[in-house]
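What the coordinates show
Here's the letter readout for the chains.
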Amino acid sequence: MDRVTFKINGVKHSVGHEVSSTTTLLDYIRKVAELRGTKYMCKEAGCGACIVSYSRPSDDAAFGRHIVQGVNSCMVSITSCQDWEITTIEGIGNRLKGYHPLQVTLAKDNGTQCGYCSPGWVMAMYSLLKTKPRTMLEIEKDLSSNICRCTGYRPIMDAFKKFGTDAPPNVMIDIEDLKICEKTNKISKCNRPTNSKLDKEWYLVSKDEVPNKIIQIELHDHRLWYRVELLIDIFNIFMEQGTNSYMLINGNTGKGVVPLLEYPRLLIDISCVWELQGYYIDQNLVVGAGTTLTKVMEIFDKVSEDEYFAYLRVLNEHLELVAHIPVKNIGTLAGNLMVKHHHPEFQSDIFLLLSTVGAELTILQGPGLMEVVPMHQFLQTDMTGKVLLNVLFPPLNSQYKIWTDKIMPRAQNSHAYVNCGFLYKLDRKNKEVFECRIAYGGLSPTFTRAVRTESYIVGRELFTNETLQGALEVLSKELDLFVVPMPPNPSVEYRKQLSLALFYKGLLALAPKHKVNSYYASGAIKLHESRGLSRGQQDFETDPTTYPVNQPIPKLEGVLQCAGEAKYSEDVPTLPGEVYACFVLTTVPLGKIVKIDPSKALERPGVIAFYSAADIPGLNSFTPVDEKYITLFKLNEEVLCNGDVKYYNQPLGIVVAETERLAQIASKLVHVTYTDVKKPVIDIKEAKKIPSRNTLTLNIPPTRVGPNVQRVITGEKTVYSQYHFCMETLVCVSHPTEEGIRAYSSTQWIDSVQNMTSQSLKMDMSKIDVIIRRLGGAYGLKITRATQQAVACNLVVYKLNRPCRFIQSMRTNMRAVGKRLPNSTDFEVGVNDQGVIQYINFSIYADNGYIYNENFTYYGMDAYYNCYDRGPWNYTSYNTVTDTASNTWCRSPGTLENVVATEMILEQIAYELGLDPLNVRLANLDRARSSAVQEMTDIIIERSNYRERRESVEKFNKENRWKKRGLRFTFLRWSPVGNQYYDVNLCVYHEDGTVCISHGGVEMGQGINTKAAQICAYYFKIPIEKIQVKPNDTVITPNCFTTGGSLTTQNTGIGVQKCCEQILLRLAPLRARMGDVSWEVLVRAAFTADIDLQAHAIVNALDTENIDVYGVTLSEVEIDVLTGEHEIKRVDLMEDTGRSTNPDIDIGQIEGAFIMGVGYWTCEEMVYDPPTGEVLTDRTWEYHVPQARDIPQDFRVSFRKGSYSTPRLFGAKVVGEPATCMGVGIALALREAITAARTDSGISSRIWYEIDGPYTVEKIYLNCATKKEQFKFY
Ligand SMILES: Cc1cc2nc3c(=O)[nH]c(=O)nc-3n(C[C@H](O)[C@H](O)[C@H](O)COP(=O)(O)OP(=O)(O)OC[C@H]3O[C@@H](n4cnc5c(N)ncnc54)[C@H](O)[C@@H]3O)c2cc1C
Ligand code: FES
Ligand code: FES
């Protein structure tokens, strides 16, 4: 057999020689089957956008039932899909056959904003429910496979929890609708049978029971692909083909851990070798090494009923935290262990667990040639040409105590920073230690067991302070010897201290209750595990008399998005002759390019061209430097490096190839010679001290200073960068046209793409069309950075006269493209006894990256004093350059950075004076401009039971040494900046009175289209269903400004009003004549009367309505002092939205913005290599945005009641960005918790300590200043 056959949505497909080893199921679904509803971003199983469902006969046999599971299609080689039945988003519901309840519910509950992640969420949930019914809590926990950057998760969780078995009856959606089991259509009969038949089927299968079918394919890229079903065939193939370049393929998910650009020559798919799967018990539990982690968990669940294997429950708890369900559905024990074998630095949880319990591995060296090795020996074993056969788990009686843990940067779906497992065999009195195993991961590539500490402990009484301290001393010395730097993972200091604390934590958890003083008892609790079901509450009032304006309605495109029918730039079908492009990046930080030699790349068959800056016929720039944007851009930024390298991984060329993967591979083959290579300055704190790197851009002197300076406080506030993390990456698909180029670019600014393409290609603007339907998230990244990539794509079209698709990988985005501006503020403030500012010198330094563009100062100039009295403020803003990528706007640019520095300063004043920070804030409030803040604070104080909770936090902190809480307010005044220019066109169709709007804004999840339609429906008094909002392009809406700054929705709304007013004016005489006829009749009459039914309006500076927005947030957090982890227990957030045009959409904007702010302050950490400035956190594996279990457990969002802006805006205010600023509230609350821990460590709460943002687990832990001597039982 030389072909693989499978079905997608019931349709048969077959592949063979024509596909490559790197062709994934995702590629096939999108490019060959042209089912573009399945999306992608990371291509490493880290984001969930690509999830589809599948079932395969082998699983059916093993599980004794028909199982449908979710899988990341980006992980699966298409040639692995033999006999698979795949269901994509199109297969579960669509406009023809009707939408699936999951699609409809997610859309109805506003669980979609940009919608790019939505098909992945639906398919993840669909697969979960197909596998088994789940409770609401299980649903929340089991969706860690997916990321949404827009919504903040709350509405997604609310929508999906309705499918929970324990959902309240009034919201529960009948899961019969989901047809959970395809065979029976009944859930009850689908539950896993517990009879002996299953047990038999779970046994390892002998080779006689398996019909042998070998598939052998010589792939397009000359790899040999085999699919075998018998162990013996693996060795036969080794004999035949040799073992110098091969890989066994199980789940193929190892490349999600360690990226793999090209496969070795020989590939053997062993995922259906049943001899490697299942389990049996002799004395040990023997589990086939090829068993998937999902099945391993089921086996553990079952076998743990046996008292000698009860410990497997502990392992299962740990396995819950390994990867996520779709990875576990195909990833295997052997695969995981072999990744560890090849890359010992991998913090494998499987290796850790097996080391902890003393498991052994059976290695097959050839037919019948077996060797059993303990875990530590495995890493030293040469595995070439060998197969991991099974894992032997020993029986352990109740004298064995086991505890494991895994500390991650967020609650779920991350590799461990440090993981640990402790096993103690105690005497019958639970005292003396007979045997002990102490295993760690994440400390060094070689250190896996603390053997010296183990031998110290054996023979001692375990739960005494003396043994504990003695063991900690030995362990500390042992760790000193072995823990090594492992960037971008946290520092040696943290990982070492954490290891000590985890050792103590484990003992607290295992100790008999009476042995532990209640003051220390909280140390035993795993913080994230203690989290229950989350909840949200949204509170706003609406005025039905203004409907559909002010009506809470779902987004117009919601269902299309959830069904995968909404189109994004890369969903444009492939054209014949299409090529792929990829940037070549510099590999030095600073220096000069002497020579670029692309010959090696061009030698590769399928590589078509290489272009450098010299190939650009016109201006080598992508930033529109123009009189009109002078406050925004000053300088041209190069599309491709012109010879002087500005930062590590600057784009220097473009490789063009026949496939995306080939372009990526070839981009690494371009050889570049450099000279004058220098060390870069990459840290704003260093750069701000170098005068030549700083430009004073603005000084606003105080209007008055106070006389009563009782205390002078100084300090520095620094927060680092944030990657936008759009789920749709930067992409451009361009086609040659009759006259020039048509570009489908994922840009927030089509005019900029058109303009800069024109300038760089010396082509008339009129020959270039740029089209955008919608964006899959943007947050500022796609304002100008998309232009660079679009210009590069258009250059390829111009040179080759062929269609080009330029999909910029997440890794390139993170390396080559700038991010939110890191910033650092120096200040000196004089205050009176109540903390009222008498004077303040406030100097903020914004890290622009290598060039000063995208003005930060402009956006900060009215924001720096937030809602406080501006009088005493002496404000200075500097632009600083570092040798990093040019940084770019990111949600609430300039405003956020200034506001949060101010909020931190207010907090410091309160701490140093020993005052309540709330009182200090109120004492400084600008009551003339920001009186709303007082009103909103009063409401939150009352609604949230602030006073009682304040007391209970203090009580909690007194009573618990190892868990601490914080409860903090943050205030916000947010003022939109600037004016913008947009076109709006509106036409009414004569026959049915339906309406089309095209406006210059870009829909990216903010609901701009829905609000435009609502306003139009309000004016014309027609149902919203009669209105369509079309894609925009540079023909219909030329010369428009970028969509951003939160203002575009408001401004396009004004444009829609103007258009509606024009049409109504033209219809008015008819209306007067015809009386109360229907809209349709009126429109038909207008058509007959030759009345123009199309209107055009522009919105410009004259329409600017920049109205203050206010916010108050109260956040409560809890930290684990022993790990640095945190949980957000509750957030009460009130924002002044005016009279919201669409409260549902605005709630979504607020929640999403706030969670993005939470990420900024907690888990999103960029790490650079200090000597080179290379970005080390360039993948989902290393850069962590919040997920569903990182949001507040109790998230209450409300609008300020009775607020109204202006009639032109229907009373509404801008809403897209402000709440991002209030994420600082989490940092403030964390500080209180950390301070409480420091107090217990003997440090006065009035001593301020700086923590640079983000407040990672590492920083939280280290700032608690815990000493190992404080670890005690009693
Ligand atoms: C998003 C993501 C998150 C993850 N999170 C975690 C985590 O939190 N903790 C953790 O421990 N792991 C984590 N992993 C790793 C995951 O567990 C492994 O990717 C998985 O178990 C590998 O199994 P596989 O079957 O897909 O291996 P494959 O990718 O198919 O193979 C990996 C390697 O194993 C070799 N191999 C496979 N089977 C055998 C065999 N029987 N004998 C000899 N060699 C063999 C192959 O030749 C190959 O070199 C994560 C992975 C991803 C993608
Ligand atoms: S693209 Fe597959 S998980 Fe991100
Ligand atoms: S709606 Fe989830 S990423 Fe945009």
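Residues numbered from 1 in each chain as written. Chains lettered and ligands numbered in written order. Predicted model: local features only at pLDDT ≥ 70, side-chain atom pairs only at ≥ 80, totals over all residues. Heavy atoms only, no water.

**What about the overall build of the protein chain?**
On a plain count of helices and strands, the protein chain comes out with 39 helices and 42 strands. Taking 1274 residues into account, the globule formula puts the C-alpha radius of gyration at 33 Å, and the protein chain, at 31 Å, falls close to it. By the burial criterion, 68% of the 1274 residues in the protein chain qualify as buried. Working note: accessible area of the protein chain is about 41700 Å², and carbon and sulfur atoms make up 52% of it. (Helix = DSSP H or I, 4+ residues; strand = E, 2+ residues; numbered from the N terminus. Rg over C-alpha atoms; globule rule 2.2 N^0.38 Å. Buried < 20%, exposed > 50% of the residue type's maximum accessible area, 1.4 Å probe, protein only. Areas by Shrake-Rupley, 256 points an atom, 1.4 Å probe, with all protein chains shown as cover.)

**Quick word on the site of ligand 1**
Neighbouring residues of ligand 1: 38 residues in total, closest Thr 253, Gly 254, Thr 332, Asp 349 and Lys 406. Interatomic distance of 2.6 Å between a side-chain N/O atom of Thr 332 and an oxygen atom of ligand 1. Asp 349 is positioned with one of its side-chain polar atoms (N or O) 2.6 Å from a nitrogen atom of ligand 1. If you list the elements that add at least two residues to the shell around ligand 1, you get β8 (246–249), α10 (254–257), α13 (325–330), α14 (333–342), α15 (349–357) and β14 (387–393). Along the lines of polarity and charge, the residues of the shell around ligand 1 split into 20 nonpolar, 14 polar and four charged. (Near = heavy atom within 4 Å. Polar contact = N/O pair within 3.5 Å; in protein donor to acceptor, adjacent residues only side chain to side chain. Nonpolar A, V, L, I, M, F, W, Y, C, P; charged D, E, K, R; others polar.)

**Re the packing of aromatic side chains**
Summed over the entire model, instances satisfying the criterion amount to 52 aromatic pairs. When the ring of Trp 962 is compared with that of Phe 1271, the centres are 5.6 Å apart and the planes differ by 70°; the resulting orientation is edge-to-face. Here Trp 962, found in the loop between α32 (946–959) and β34 (963–974), pairs with Phe 1271, found in the segment after α39 (1257–1263); they are 309 residues apart in sequence, far enough to count as distant. Note on Trp 962: relative accessible area 0%, which makes it buried. (Phe/Tyr/Trp six-rings, centres within 6.5 Å; stacked < 30°, edge-to-face > 60°.)

**Some points on the pattern of salt bridges**
Summed over all chains, the structure comprises 85 salt bridges. Notably, a salt bridge pairs Glu 262 with Arg 604, separated by 2.7 Å at the nearest N-O pair. Taken together, the residues Glu 262 in the loop between α10 and β9 (266–269) and Arg 604 in the loop between α22 (599–603) and β21 (607–612) connect sequence positions 342 residues apart. With its nearest N and O atoms 3.0 Å apart, the salt bridge here joins Glu 1250 to Lys 717. Residue Glu 1250 is located in the loop between α38 (1224–1240) and α39, and its partner Lys 717 is located in strand β26 (residues 711–719); the two are separated by 533 residues in the primary sequence. Through salt bridges that share partners, Arg 30, Glu 34, Arg 36, Lys 39, Glu 570, Asp 571, Glu 578 and Arg 805 make up one connected network. (Salt bridge = Lys/Arg side-chain N within 4 Å of Asp/Glu carboxyl O.)

**Details of helix α25 (residues 750–761)**
Along its 12 residues, α25 runs 16 Å from first to last C-alpha, staying within 8% of the 16 Å computed at 1.5 Å per residue. Among the 12 residues that make up α25, 11 are buried, leaving the element largely enclosed by the rest of the structure. When we look at burial in α25, the residues that qualify are Ile 750, Asp 751, Ser 752, Val 753, Gln 754, Asn 755, Met 756, Thr 757, Ser 758, Ser 760 and Leu 761. Here the buried face of α25 lies against β28 (741–745), β29 (768–772), α26 (781–800) and β38 (1032–1033). Two residues or fewer after α25 comes Lys 762, characterised by a positive phi angle close to 50°. (Expected span 1.5 Å × (residues − 1). Contact = heavy atoms within 4.5 Å.)

**Focus on the sheet that holds β28**
Here we have eight strands laid out as an open sheet, ordered β21-β23-β19-β30-β27-β28-β29-β38, and mixed in their pairing. Strand pairing shows two members of the sheet lacking a second neighbour, β21 and β38, which therefore form its edges. The sheet contact formed by strand β27 (residues 731–736) and strand β30 (residues 804–807) spans four bridges and is antiparallel. Bridge pairing in β30 links Cys 732 to Phe 806. This element, helix α23 (residues 660–667), spans β19 (579–585), β21, β23 (651–657) and β30 of the sheet and lies at about 25° to β19. (Pairing = 2+ DSSP bridges. Axes fitted to C-alpha atoms, helices over the stretch in contact; angles between N-to-C directions.)

**A few points about the confidence of the model for the protein chain**
Do not read the fine detail of predicted coordinates wherever pLDDT is low. For the protein chain, per-residue confidence averages 95 on the pLDDT scale, and residues scoring 70 or more make up 96% of the total. Low pLDDT, under 50, characterises residues 179–203; the stretch is placed with 44 contacts to residues that sit more than four places away or in other chains. (pLDDT = per-residue confidence, 0-100.)

**Regarding the environment of Ile 1145**
Counting through the fold element by element, Ile 1145 comes out in helix α36 (residues 1143–1161). When its relative accessible area of 4% is taken as the criterion, Ile 1145 is described as buried. Ile 1145 sits 978 residues away from Ala 167 along the chain, and the two C-alpha atoms are 24 Å apart. Setting aside chain neighbours within four positions, we find Ile 1145 in contact with Asn 110, Ile 553, Lys 555, Gln 1006, Gly 1007, Thr 1010 and Lys 1011.

**Considering α36**
The end-to-end C-alpha separation of α36 is 27 Å, in line with the 27 Å expected for 19 residues at 1.5 Å each. Burial analysis of α36 places 18 of its 19 residues in the buried class, the great majority of the element. Two or three places before Asp 1144, at the start of α36, stands the capping residue Asn 1142, its side-chain oxygen 3.1 Å from that residue's backbone nitrogen.

**Some remarks on the pairing of β27**
With five of its six residues buried, β27 lies for the most part within the structure. Of the strand pairs in this sheet, β27 and β28 are connected by five bridges, and their pairing is antiparallel. Note that in β28 the partner of Ser 734 across the bridge is Ala 743.

**Digging into the environment of Arg 531**
Here Arg 531 is to be found in the loop between α20 (518–521) and β18 (535–539). Assessed through its relative accessible area of 2%, Arg 531 is described here as buried. Each C-alpha atom, one on Arg 531 and one on Val 1167, is 29 Å from the other, the two residues being 636 residues apart in sequence. Arg 531 has contacts with Glu 1127, Ala 1188, Arg 1189, Asp 1190, Ile 1191, Pro 1192 and Gln 1193, leaving out every residue within four places of it along the chain.

**As for the side chain of Thr 112**
Looking at the element boundaries, Thr 112 is found in the loop between α4 (101–108) and α5 (118–131). Residue class for Thr 112 comes out buried when judged on its relative accessible area of 2%. Apart from residues no more than four positions distant in its own chain, Thr 112 is found in contact with Leu 106, Ala 107, Ser 118, Thr 151, Lys 555, Gly 558, Gln 561 and Cys 562.

**Focus: the sheet that holds strand β33 (residues 873–880)**
With mixed pairing, five strands are arranged side by side in an open sheet as β25-β33-β32-β31-β26. Among the strands making up the open sheet, the edge pair consists of β25 (694–700) and β26. Averaged over all adjacent pairs, the angle separating strand axes in this sheet is 15°, with direction ignored. Bridge count for strand β32 (residues 837–847) against β33 is eight bridges, and the pairing is parallel. Residue pairing in the sheet places Phe 842 in a bridge with Tyr 875 of β33. Docked against the sheet, helix α29 (residues 895–913) engages β26, β31 (823–831), β32 and β33, running at close to 140° with respect to β26.

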